[in-house]
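Letter by letter, the chains look like this.
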Amino acid sequence: MLLRDQKTIGNFKRINITTSKQMAVDLLLGLQWGDEGKGKIVDVLTKDYDIIARFQGGPNAGHTLEFDGIKHVLHTIPSGIFHKEAKNIVGNGVVIDPVIFQKELENLASFKIDFKSKLLISRKAHLILPTHRLLDAASEAAKGKAKIGSTLKGIGPTYMDKTGRNGMRVGDLEMSDWKKKYRALADKHQSMVGFYNVDIQYDLEELETAFFAAVDKLKALTFIDSEQYLYEAQKAGKKILAEGAQGSLLDIDFGTYPFVTSSNTTAAGACTGLGIAPNQIGRVLGIFKAYTTRVGSGPFPTELFDNDGETMGRVGNEFGATTGRARRCGWIDVVALKYAITINGVTELMMMKADVLSGFKTVKICNSYQYKGATISHFPYNVEPKNVRPNYIEMPGWEQDLTKMLDVTQLPENLMNYIIYLEEVLEVPIKIVSVGPDRTQTIYR
Ligand code: GDP
Ligand code: IMO
Ligand code: MG
């Protein structure tokens, strides 16, 4: 708000302008290839926030949170939904599949959440049509071995329609002619599926019946101009946390292209995906696992194909929360983490799943790459195995079970050495160490 103090001086009016203060927006972002534990930490942090807002991605995300012995997986709904007071916003940068959204709502039915007042959806968010999912499937099938390993939720085709200026948005559902627009787009998609020349079996009528029923449910929720809502909330001093989906190495610009998702998963994505001005970003919380995982195709320099990788996957229960696929596992990669920290402007770190590394005699940290005959410490353009070989340092591991530890003073010395080493090389403090999937298994430093 501008406060004007006008004084007339001669023929001129002098206007003194004071800008009123706005509350900064904090971001929580994954620094690896997704599944870092964003859902758990957003749930843990929601008590300190008034609003949790998703800014990109869609039902390709699977955010797990656990409390009172129950595990929940959210795909489109922000991870603050279980808290009494917090508002949860699905921002303009998100893509929404009404069918999946409806299922998420049904899964939460027993919690008696007042969705109408607590869950607010941007009119500018784009809709995933059934035919977007068919296009995703056809594109992947046509790629064969070179497939991205997409979650097949229609993410890529929906963002393509957004940037191609053909998409349908939530706000369109408030117009009387939305079905006409839908039909034209779906028909076009259907003929595009034909161009791929692959065998995709589907019953469009059945898919559309489910879609239209789900749209009716979606329309019962509250649609807002979320950028305006968030601006007013900031002015009113509300605390806002933007919840990222996927991870920095899946970013459409900075990730391991083309094996990426179709949105900006990095800090800049929160600005465009919510309408937050860059100078209104506050803390940037970067979250990473004590090791590395990736699901789907694409290069992964520290990937392990041995017993150590198998142990990480088994102990860490590394199966995709959305697709159930086994996640590939490997040691922590400081080169990739530094790259993500720089691009995002991370101000503090959270290290997840430290408990999974208990029992390893030694733990390895990749802190440089062999790249075309030289040692480099930046994340290069070509990270495929034929170009990049990781260099490791090795540190003594820890035996203790961490899952019942409540305080930083209980953490084993060798784990503390691991944490302190990482803080030194990453040049950002690690503020939270997570030692289990439950809300309570969270240690603050
Ligand atoms: P997100 O996509 O970043 O929200 O992460 P996911 O939910 O896809 O994957 C993280 C998995 O690790 C989930 O199954 C969580 O319940 C689990 N998890 C989160 N933090 C911890 C932790 O500190 N230790 C263990 N063992 N599991 C954790
Ligand atoms: P959360 O938010 C891990 C991966 C897919 C695939 C690539 C492209 O739970 O961390 P897409 O469906 O977007 O076209 O898939 O990105 N991927 C994820 N991997 N966590 C996610 O989300 C992911 N969302 C997409 O496996 O390799
Ligand atoms: Mg996930």
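Preceding block: the structure.
Keep in mind that what you see is a predicted model, and the values were worked out from it rather than measured.

Draft legend 1. Broad picture of the overall build of the chain. The helix and strand tally for the chain stands at 12 helices and 22 strands. For a compact globule of 445 residues, the expected C-alpha radius of gyration is about 22 Å, and the chain comes in at 23 Å, within 12% of that figure. Each principal axis of the C-alpha atoms in the chain carries an extent, and together these give about 70 × 65 × 50 Å. The burial tally for the chain puts 54% of its 445 residues in the buried class.

Draft legend 2. Examining the sheet that holds strand E9 (residues 119-122) more closely. Across the sheet, which stays open at both edges, the 10 strands sit in the order E11-E9-E7-E4-E12-E3-E13-E17-E21-E22 with mixed pairing between neighbours. Here the strands that pair on one side only, and so sit at the sheet edges, are strand E11 (222-224) and strand E22 (442-444). Between one strand axis and the next, the sheet turns through 25° on average, direction left out of account. Pairing of E9 with E11, which is carried by 3 bridges, proceeds in the parallel orientation. Bridging across to E11, Ile121 finds its partner in Phe223.

Draft legend 3. Fine view of the pairing of strand E6 (residues 70-74). Pairing of strand E5 (residues 63-67) with E6 involves 5 bridges; the strand directions are antiparallel. The partner of Phe67 across the bridge, within E6, is Ile70. Between E5 and E6, which pair antiparallel in sequence order, lie 2 residues; one of them, Asp68, sits at a positive phi of approximately 50°.

Draft legend 4. Representation of helix H7 (residues 204-219) in the model. With 16 residues, H7 should reach 22 Å at 1.5 Å per residue; the first-to-last C-alpha distance of 22 Å fits that figure. Of the positions making up H7, those classed as buried are Leu204, Glu208, Phe211, Ala214, Val215 and Leu218. All buried residues of H7 fall inside an arc of 130° around its axis, so they share one side. Away from its buried face by more than 90 degrees, H7 exposes Glu205, Glu206, Thr209 and Asp216.

Draft legend 5. Seen up close, the site of ligand 2. If you check the shell around ligand 2, you find 20 residues, and the closest are Lys38, His63, Thr151, Gln246 and Thr261. One of the backbone nitrogen or oxygen atoms of Gln246 is found 2.8 Å away from an oxygen atom of ligand 2. Protein chains shield 97% of the accessible area of ligand 2, which is 550 Å² for the free molecule. Class assignment of the residues belonging to the shell around ligand 2 gives a composition of 7 nonpolar, 10 polar and 3 charged.

Draft legend 6. Structural detail: the site of ligand 1. Within the structure, ligand 1 sits among 19 residues, and Gly37, Lys38, Thr64, Asp355 and Ser434 are positioned closest to it. Gly37 is positioned such that a nitrogen or oxygen atom in its backbone is 2.8 Å from an oxygen atom of ligand 1. Residue Gly436 places a main-chain N or O atom 3.1 Å away from an oxygen atom belonging to ligand 1. In isolation ligand 1 offers 580 Å² of accessible surface; the protein chains occlude 94% of this area.

Draft legend 7. Representation of the environment of Ala146 in the model. Relative to the elements of secondary structure, Ala146 occurs in the loop between helix H4 (130-143) and helix H5 (155-163). Residue Ala146 is classed as partly exposed on the basis of its relative accessible area of 45%. Sequence spacing of Ala146 and Asp172 is 26 residues, and the spatial spacing of their C-alpha atoms is 36 Å.

Draft legend 8. A look at the side chain of Arg327. Tracing the sequence through the fold places Arg327 in the loop between helix H10 (307-315) and strand E15 (328-330). What makes Arg327 buried here is its relative accessible area of 11%. For Arg327, the side chain forms a polar contact with the main-chain oxygen of Phe319, separated by 3.4 Å.

Draft legend 9. Representation of the coordination of the magnesium ion (ligand 3) within the structure. Binding of the magnesium ion (ligand 3) to the protein goes through Asp35 (OD) and Gly62 (O), at separations of 2.1 to 2.2 Å. Of this pair, Asp35 sits in the loop between strand E3 (25-30) and helix H1 (38-45) while Gly62 sits in the loop between strand E4 (51-54) and E5, and the two are 27 residues apart along the sequence. Residue classification places Gly62 among the buried positions, given a relative accessible area of 12%.

Draft legend 10. Examining the environment of His63 more closely. Summarising the element assignment, His63 is placed in strand E5. Taking the C-alpha atoms as reference points, His63 and Leu411, separated by 348 residues in sequence, lie 27 Å from one another. In this structure His63 touches Lys38, Gly39, Arg54, His72, Val73, Leu74, Ser79, Glu243, Gly244 and Ala245, once residues within four positions along its chain are discounted. Within the structure, His63 has its side chain in polar contact with the side chain of Glu243 (distance 2.7 Å).

Draft legend 11. Fine view of unusual backbone geometry. With an omega dihedral of 5°, the bond running from Tyr257 to Pro258 counts as a cis peptide bond. As for its placement among the helices and strands, Pro258 is situated in the loop between strand E12 (240-243) and helix H9 (267-274). The phi angle at Asn317 is positive, at roughly 50°, despite the residue not being glycine. Mapped onto the fold, Asn317 is located in the loop between H10 and E15. Positive phi values are uncommon outside glycine, yet Lys372 reaches one of about 45°. Structurally, Lys372 is set in the loop between strand E18 (362-371) and strand E19 (374-376). Residue class for Lys372 comes out exposed when judged on its relative accessible area of 61%.

Thresholds applied
- Residues numbered from 1 in each chain as written.
- Chains lettered and ligands numbered in written order.
- Predicted model: local features only at pLDDT ≥ 70, side-chain atom pairs only at ≥ 80, totals over all residues.
- Heavy atoms only, no water.
- Helix = DSSP H or I, 4+ residues; strand = E, 2+ residues; numbered from the N terminus.
- Rg over C-alpha atoms; globule rule 2.2 N^0.38 Å.
- Buried < 20%, exposed > 50% of the residue type's maximum accessible area, 1.4 Å probe, protein only.
- Pairing = 2+ DSSP bridges.
- Axes fitted to C-alpha atoms, helices over the stretch in contact; angles between N-to-C directions.
- Expected span 1.5 Å × (residues − 1).
- Arc of directions from axis to C-beta.
- Near = heavy atom within 4 Å.
- Polar contact = N/O pair within 3.5 Å; in protein donor to acceptor, adjacent residues only side chain to side chain.
- Areas by Shrake-Rupley, 256 points an atom, 1.4 Å probe, with all protein chains shown as cover.
- Nonpolar A, V, L, I, M, F, W, Y, C, P; charged D, E, K, R; others polar.
- Donors = N, O, S within 2.8 Å, 3.2 Å for Na, K, Ca; no water.
- Contact = heavy atoms within 4.5 Å.

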